[in-house]
Amino acid sequence: MSAGRVVLGLAGAALVGWGLVLLAGLSGQLLEIAAWLAGGIVVHDALLAPLVLLLGALAARRVPSWLRPPLVRLLVVLGPLTLVAVPVLGRFGARADNPTLLDRPYLAGWLVVAALAVLGTALDAARRRRAVAGPVPPPTP
Amino acid sequence: MSGSAVGERRLRGVAGRLEALLPRPQDFPSPLRGPRTAARVGGWLGAAFLVCFATGLYSHLLQHPVAWLPLPTRPARLYQVTQGLHVASGTAAVPLLLVKLWSVFPRLFVRPPRAPRRLLGHLLERVSVAVLVGSCVVQLATGLANSAQWYPWGFDFVRTHFALGAVAAGSVLVHVAVKLPLVRAALEQRVEDRPERAGAPSRRSLLRMTWLSAGVAVLATTAAGVPGLRRVAVLAVRSGAGPQGVPVNRSAVAAAVTDLAADPGWRLLVRGPAGSTRLSREDLLAMRQRTAVLPIACVEGWSASGTWGGVAVRDVVALVGGTPQDDVTVRSLQRRGAYRESTLPAAWVARDDSLLALTLGGEPLHPDHGYPCRLIAPARSGVLQTKWLGEVEVVRA
């Protein structure tokens with residue numbers, strides 16, 4: 001193992017150790033923090049990842065091959081964006097005394113982005129479909 | 001045969017059947033998974049985490065200064081940029097992390113080796129990856145929720161986010177150290193431009209859509225802070241509108257200071273080595289007035305610039321024997337809250353644009369912006385720009 005990797009690994013371990021020392025100072029909250037850490041893994045490994053696998057399996061059976069790459073792109077762009085938007089779409093932190101917080105029409109905004117993404121997907125799909133069909137044969141006299 | 005042996009055999013039978021239900025790494029058909037994708041997406045993800053960790057550390061140091069590390073007091077927009085980067089890099093990390101995890105997901109189903117020594121290494125790697133994934137997911141989730149002032153948890157957000165930030169950053173370094181030879185080898189292999197089979201995107205195309213996803217997420221949420229791009233940020237936590245053109249983090253109602261702040265008998269208590277004095281708003285307005293264009297740059301990533309008018313902190317503390325070599329602590333009228341007081345280090349006290357502000361945009365401060373008097377100083381986090389001041393104290397370093 002190269003010296004660089006050893007140094008990098010030790011620096012990382014030291015940083016983790018420091019973080020754990022900081023965490024240890026949060027006695028009384030550790031159980032909930034641990035539950036969030038485990039929950040983060042479970043939500044990805046047991047929920048999100050199988051859902052994507054399921055979508056993939058469905059697409060492989062039901063969707064023509066020219067449509068699949070555009071759908072993958074739609075999922076890769078719109079999926080994470082939707083997850084990122086959960087706190088604003090739900091407006092969970094909104095407060096009556098502070099109208100400057102969460103003051104955009106988030107659902108409308110999300111719909112606009114989604115519509116643009118679907119439009120892009122449709123255009124891409126149409127192009128691919130034409131490519132699959134091959135050039136249109138010349139009309140016979 | 002004894003009863004316990006039968007029980008053990010049954011248990012093994014059940015475990016075996018369960019194990020047979022789980023997929024194996026080779027059951028995942030997509031050729032797009034694996035090191036070639038993981039190394040490239042992981043590289044950008046690592047860069048995003050590095051920016052996120054560095055800017056987060058800076059934000060922490062601003063709020064909890066250490067004596068041996070002086071921080072820059074200029075440019076005035078410094079914190080606006082660093083904290084904008086903090087939230088933007090965290091947001092970009094969401095699609096990057098999801099694609100990265102997708103690319104290595106089959107590894108979750110690698111069966112543990114039977115040889116005890118190899119088993120130990122396997123378990124160590126498993127634990128380190130679990131810490132890595134858990135801390136990264138929680139950091140991104142809690143950071144995004146905090147930027148929308150949503151706290152669906154009972155733990156102390158600031159301290160937990162800081163501690164887990166160190167855990168996540170350290171885990172990334174360990175992971176890179178372990179995987180470096182694999183990463184190097186993967187980066188030497190070229191990225192295919194053509195799909196390996198019909199109906200799948202090419203690897204190049206998958207990488208491009210990942211970068212696109214990160215870009216779209218950043219634009220839609222955090223571009224509000226970039227001039228000219230505000231309208232694109234349809235998912236930003238703030239439109240940027242607010243009283244006197246500046247959004248509000250904590251309102252006067254939420255801080256329970258409405259009556260105290262509107263009281264005409266309000267006086268600012270100023271204490272220092274040469275004694276103490278009480279100043280009314282009129283007293284403060286009679287002193288030398290200065291104006292400064294400074295941003296309110298919130299930890300949540302949004303920022304808005306305003307033209308503030310008022311008295312320089314150094315001029316006020318000079319009345320009670322304070323000098324630009326002293327720190328100054330300001331306290332709010334609010335009775336509770338983690339940010340009811342803040343300390344302005346001497347480096348800031350020395351600056352003419354560190355103000356006890358009385359006006360915003362030429363008008364008296366709106367109650368939600370800290371009327372009758374608030375602190376505003378360059379290159380500082382919004383939560384340190386204490387509002388509704390009741391007391392200013394010179395702290396000799």
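As the structure is a computational prediction, the values presented were derived from the model and not from experiment.

**Looking at the UniProt feature "transmembrane region" (unreviewed entry) in chain A**
All names here are of chain A.
Thinking step 1. With numbering aligned to this structure, UniProt lists the feature "transmembrane region" (unreviewed entry) at residues 33–59, 71–94 and 106–123.
Thinking step 2. Each end of residues 33–59 is marked by a C-alpha atom, and these two atoms are 37 Å apart; helix forms 100% of the span and strand 0%.
Thinking step 3. Secondary structure within residues 106–123 divides into 100% helix and 0% strand; the distance between the first and last C-alpha atoms comes to 26 Å.

**Here we look at the pattern of salt bridges**
A side chain with one charge may pair with a side chain of the opposite charge, provided their charged atoms come close.
Thinking step 1. Evaluation of the coordinates by the stated rule reveals 23 salt bridges over all chains.
Thinking step 2. For Arg-95 of chain A, the salt bridge is made with Asp-97 of chain A, and the minimal N-O distance between the two is 2.8 Å.
Thinking step 3. Using a relative accessible area of 40% as the deciding quantity, one classes Arg-95 of chain A as partly exposed.
Thinking step 4. With its nearest N and O atoms 2.5 Å apart, the salt bridge here joins Glu-19 of chain B to Arg-111 of chain B. On the criterion of sequence distance, the pair formed by Glu-19 of chain B in helix H1 (residues 3–21) and Arg-111 of chain B in the loop between helix H3 (78–104) and helix H4 (116–147) is long-range, its members being 92 residues apart.
Thinking step 5. The structure contains a network of salt bridges with shared partners spanning Arg-271, Arg-331, Glu-341, Glu-391 and Glu-393 of chain B.

**Re the domain arrangement of chain B**
How big an interface is tends to be reported as the loss of accessible area on association of its parts.
Residue and element names in this part refer to chain B.
Thinking step 1. Along its sequence, chain B is organised into domain 1 (20–232) and domain 2 (258–395).
Thinking step 2. One C-alpha centre belongs to domain 1, the other to domain 2; they are set 39 Å apart.
Thinking step 3. Opposite the 22 residues of domain 1 that make contact, domain 2 presents 20 residues.
Thinking step 4. For the domain 1 and domain 2 pair, buried surface summed over both sides reaches about 1700 Å², with 58% attributable to carbon and sulfur atoms.
Thinking step 5. Here domain 1 and domain 2 share 0 salt bridges between them.
Thinking step 6. On the surface where domain 1 and domain 2 come into contact, there are 6 residue pairs in polar contact (both at pLDDT 80 or more).
Thinking step 7. Looking at the side of domain 1 that touches domain 2, the elements with two or more residues in it are helix H2 (35–63), H3 and H4.

**Notes on the sheet that holds strand E1 (residues 268–272) of chain B**
Residues and elements named next belong to chain B.
Thinking step 1. Strand order across the open sheet formed by 5 strands is E2-E1-E10-E5-E6, with mixed pairing between neighbours. In the strand order of this sheet, the two ends are held by strand E2 (275–279) and strand E6 (341–344), each with one partner. Going from strand to strand, the sheet's axes swing by 15° on average, the running direction of each strand aside.
Thinking step 2. Bridge count between E1 and E2: 5 bridges; the pairing is antiparallel. Pairing of Val-270 across the sheet is with Thr-277, part of E2.

**What to know about the domain arrangement of chain A**
Thinking step 1. Taken domain by domain, chain A consists of domain 1 (30–62) and domain 2 (65–133).
Thinking step 2. On a C-alpha basis, the centres of domain 1 of chain A and domain 2 of chain A stand 20 Å from each other.

**What to know about the nonpolar core**
Thinking step 1. The biggest cluster of nonpolar side chains holds 36 residues, and the ones touching the most others in it are Leu-268, Leu-284, Val-313, Val-316 and Leu-356 of chain B.
Thinking step 2. Listing elements by their share of this core, those giving two or more residues are H2, E1, helix H9 (313–318), strand E5 (327–332), helix H10 (346–349), strand E7 (355–360) and strand E10 (389–395) of chain B.
Thinking step 3. Built from parts of two domains, this core gets at least three residues from each of domain 1 (20–232) and domain 2 (258–395) of chain B.
Thinking step 4. Setting aside chain neighbours within four positions, we find Val-313 of chain B in contact with Val-328, Leu-344, Val-349, Ser-354, Leu-355, Leu-356 and Leu-375 of chain B.
Thinking step 5. Counting residues in each nonpolar core, the second largest holds 30 residues, with Leu-101 of chain A together with Ala-220, Leu-294 and Leu-360 of chain B among its members.

**With respect to the packing of H3 of chain B against H4 of chain B**
All names here are of chain B.
Thinking step 1. Look at H3 against H4: their axes get within 10 Å of each other, and the N-to-C directions meet at 145°. For the element pair H3 and H4, the recorded crossing hand is left-handed. Contacts between H3 and H4 involve Gly-90, Thr-91, Ala-93, Val-94, Leu-97 and Leu-101 from the former and Val-133, Cys-136, Val-137, Leu-140 and Leu-144 from the latter.
Thinking step 2. For the contact of H3 with H4, a count of residues per class yields 9 nonpolar, 2 polar and no charged.

**A closer look at a nonpolar patch on the surface**
All names here are of chain A.
Thinking step 1. On the surface, Leu-51, Val-52, Leu-54, Leu-55, Leu-58 and Leu-75 cluster together into a nonpolar patch covering about 490 Å² of accessible area.
Thinking step 2. In terms of residues, the nonpolar patch owes the most to one element, helix H2 (residues 30–62), which gives 5 residues.
Thinking step 3. Within the secondary structure layout, Leu-75 lies in helix H3 (residues 68–90).
Thinking step 4. Judged by relative accessible area, Leu-75 falls into the partly exposed class, the value being 36%.

**Section: the pairing of strand E4 (residues 303–312) of chain B**
All names here are of chain B.
Thinking step 1. Most of E4 is tucked away, with 8 of its 10 residues classed as buried.
Thinking step 2. Relative to E4, strand E3 (residues 290–297) runs antiparallel, the two sharing 8 bridges. Considered in E4, the bridge of Ala-297 is made with Ser-303.
Thinking step 3. Adjacent in sequence and paired antiparallel, E3 and E4 are bridged by 5 residues, among which Gly-301 carries a positive phi angle near 105°.
Thinking step 4. Bridging between E4 and E7 involves 5 bridges; their strand directions are antiparallel. Its bridge partner lying in E7, Val-311 is registered against Leu-356.

About the cut-offs
Residues numbered from 1 in each chain as written. Chains lettered and ligands numbered in written order. Predicted model: local features only at pLDDT ≥ 70, side-chain atom pairs only at ≥ 80, totals over all residues. Heavy atoms only, no water. UniProt positions renumbered as here; feature names shortened; annotations may be inferred. Helix = DSSP H or I, 4+ residues; strand = E, 2+ residues; numbered from the N terminus. Salt bridge = Lys/Arg side-chain N within 4 Å of Asp/Glu carboxyl O. Buried < 20%, exposed > 50% of the residue type's maximum accessible area, 1.4 Å probe, protein only. Domains from an automatic or database assignment. Contact = heavy atoms within 4.5 Å. Buried area = accessible area lost by both parts, 1.4 Å probe. Polar contact = N/O pair within 3.5 Å; in protein donor to acceptor, adjacent residues only side chain to side chain. Pairing = 2+ DSSP bridges. Axes fitted to C-alpha atoms, helices over the stretch in contact; angles between N-to-C directions. Core = buried A, V, L, I, M, F, W, Y, C linked by side-chain atoms within 4.5 Å. Left-handed = near helix turned anticlockwise from the far one by under 90°. Nonpolar A, V, L, I, M, F, W, Y, C, P; charged D, E, K, R; others polar. Patch = residues over 30% accessible without salt bridge, like charges linked within 9 Å, V, L, I, M, F, W, Y side chains within 5 Å. Areas by Shrake-Rupley, 256 points an atom, 1.4 Å probe, with all protein chains shown as cover.

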